[in-house]
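Summary of the model geometry
Spelled out from the first residue to the last, the chains are:
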Amino acid sequence: MMNKERLVLSSPHMSNEGFEQEYVQEAFDTNWIAPLGKNVDEFEHELVNYVRSQNGAALISGTAAIHMALKAADVKEDDIVICQSLTFSATANPIIYQGAIPVFVDSEEETWNMDPEFLRAALEKYPNAKAVIVVNLYGLAAQLDEIVAICNEYNVTLIEDAAESLGTTYKGQATGTFGKYGVYSFNGNKIITTSGGGMLVSNDKEKIEKVRFWSTQARDKARHYQHSEIGYNYRMSNIMAGVGRGQLKVLNNRIQKKRYIHDFYKQELKEFSNISFMPENEWSESNFWLSVVILKNKDTNELIDALDEANIESRPVWKPMHLQPVFANYDYIGGEVSEELFKKGICLPSDTKMENEDLYRVTSVIKRVLQSE
Ligand SMILES: *Cc1c(COP(=O)(O)O)cnc(C)c1O
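Residues numbered from 1 in each chain as written. Predicted model: local features only at pLDDT ≥ 70, side-chain atom pairs only at ≥ 80, totals over all residues. Heavy atoms only, no water.

Some remarks on the domain arrangement of the chain
Each assigned domain of the chain is listed with its residue range as follows: domain 1 (19-248) and domain 2 (251-371). Here the C-alpha centre of domain 2 lies 25 Å away from the C-alpha centre of domain 1. Listed as interface residues are 47 residues of domain 1 and, on the opposing side, 36 residues of domain 2. For the domain 1 and domain 2 pair, buried surface summed over both sides reaches about 3700 Å², with 65% attributable to carbon and sulfur atoms. Summed over the shared surface of domain 1 and domain 2, the number is 1 salt bridge. Our count for the domain 1 to domain 2 interface comes out at 27 residue pairs in polar contact (both at pLDDT 80 or more). Sorting the residues of the side of domain 1 that touches domain 2 by element identifies helix H4 (89-97), strand S3 (101-105), helix H5 (116-125), strand S6 (169-170) and helix H8 (238-248) as the ones contributing at least two each. (Domains from an automatic or database assignment. Contact = heavy atoms within 4.5 Å. Buried area = accessible area lost by both parts, 1.4 Å probe. Salt bridge = Lys/Arg side-chain N within 4 Å of Asp/Glu carboxyl O. Polar contact = N/O pair within 3.5 Å; in protein donor to acceptor, adjacent residues only side chain to side chain. Helix = DSSP H or I, 4+ residues; strand = E, 2+ residues; numbered from the N terminus.)

Quick notes on the UniProt feature "active site" (unreviewed entry) in the chain
In the numbering adopted here, UniProt assigns the feature "active site" (unreviewed entry) to Lys190. With respect to the helices and strands, Lys190 occurs in the loop between strand S8 (181-185) and strand S9 (198-202). Owing to a relative accessible area of 11%, Lys190 belongs among the buried residues under this scheme. Discounting chain neighbours no more than four positions away, the residues touching Lys190 are Ser10, Ala163, Glu164, Ser185 and Trp289. (UniProt positions renumbered as here; feature names shortened; annotations may be inferred. Buried < 20%, exposed > 50% of the residue type's maximum accessible area, 1.4 Å probe, protein only.)

As for the packing of helix H3 (residues 62-72) against H4
With their axes 9 Å apart at the nearest point, H3 and H4 run at an angle of 45 degrees to one another. Between H3 and H4, the crossing angle belongs to the class labelled oblique. Crossing geometry of H3 relative to H4 is assigned as right-handed. Of the residues in H4, those in contact with Thr63, Ile66, His67 and Leu70 of H3 are Ala90, Thr91, Pro94, Ile95 and Tyr97. In terms of residue class, the contact of H3 with H4 is built from 6 nonpolar, 3 polar and no charged. (Axes fitted to C-alpha atoms, helices over the stretch in contact; angles between N-to-C directions. Parallel < 35°, antiparallel > 145°, perpendicular 65-115°, else oblique. Left-handed = near helix turned anticlockwise from the far one by under 90°. Nonpolar A, V, L, I, M, F, W, Y, C, P; charged D, E, K, R; others polar.)

Side note on the site of the ligand
Near the ligand, the surroundings consist of 15 residues, among which Thr63, Asp161, Glu164, Ser185 and Lys190 are the closest. Between the ligand and Gly197, the relevant distance is 3.5 Å, taken from an oxygen atom to a main-chain nitrogen or oxygen of the residue. The protein chains hide 94% of the 370 Å² of surface that the ligand would expose on its own. Those elements that place two or more of their residues in the shell around the ligand are H3 and H4. Counted by class, the shell around the ligand contains 4 nonpolar, 8 polar and 3 charged residues. (Near = heavy atom within 4 Å. Areas by Shrake-Rupley, 256 points an atom, 1.4 Å probe, with all protein chains shown as cover.)

Examining the packing of aromatic side chains
Overall, the coordinates contain 11 aromatic pairs when judged by the stated rule. Consider the rings of Phe43 and Phe186, whose centres lie 5.1 Å apart with planes at 55 degrees: the pair is tilted. In this pair, Phe43 is assigned in helix H2 (residues 38-51) and Phe186 in the loop between S8 and S9, connecting sequence segments 143 residues apart. Phe186 carries the same exposure label as Phe43, and that label is buried. The rings of Phe88, Tyr138, Trp289 and Trp318 are connected pair by pair, giving a single aromatic cluster. The cationic tip of Lys71 hangs over the ring face of Trp214; the distance from NZ or CZ to the ring centre is 4.6 Å. The lysine or arginine in question, Lys249, covers the ring of Phe19, its NZ or CZ lying 4.7 Å from the ring centre. (Phe/Tyr/Trp six-rings, centres within 6.5 Å; stacked < 30°, edge-to-face > 60°. Lys NZ or Arg CZ within 6 Å of the ring centre and 35° of its normal.)

Now the structure itself:
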């Protein structure tokens, strides 16, 4: 057991063909290392084409992309931003960077994402809210039609955090393209990676151009260094974008493998009634970034510990933001769905480099634990 290689949730997986190295090499050959250059321009085009958006700004992280989306949505000090509670803290932190005030909203069971009825309740309570951030967690699409309609009704800007859902579709349309702004992440654990990076997409060309301006230190058009706005150093480098271009070529393969992993777990564990899987809805095709299960009447720590002993990584579902010490003083609208998912949910290894024997290693531990009632 002990000398077996560690199985992880999700880690970088470069193409067998070496696409990434070719693009990076091209940047070396032309000495276009940083900051901008052909790879950045092309990566923006290629990603935008893939998701069928219109404009993209390649940035150093998904977090930077959320920050720029909030700034583009004119979120300022003391503005209210309504945010899905069940998510990673990077969704919510940029609200604080802008000096704004988050209001957290619960999830619903059908998608594990923002509950449209609680969103409506939040907008009734805070009609002046400047923006809403919905997340497509673990690759699961939110109730996007309902959420878009409610945001339109209340005239509030929708930002879609699609950091985990690149390649997921909702009624045939790519997640990340439903809000006014969409955010993707290419962090090392995401479905494709640039080692670290992100992209902000929008159909509003002017806003994306403005984001490119802010994220390259807000330099006015002048010979000398002239600034009439506060800038950021958020732009992706030409090297990272080269990695991203290569990774985009294998994105569909990665999605296929993620789905295979999910189906494998589901098939292997189907006889157990005390475990269930994350929701699959016929109107959505998930990228299955992580395979997540729910344990009924069993402590999740028992399974996480057993897997860890077999050198297998697993983790609880994201701890909701309204339960985080750092956000304890902000309003929360909802019930206990996100809290229950946190208490009962476990993310299983979903690394696309795993082979069947690795997957059997995982399921054999799970079976042993589930049988020990
Ligand atoms: C990873 C992630 C982010 C942040 O992306 P980075 O590129 O790591 O900054 C934001 N939101 C969610 C839901 C994420 O999973």
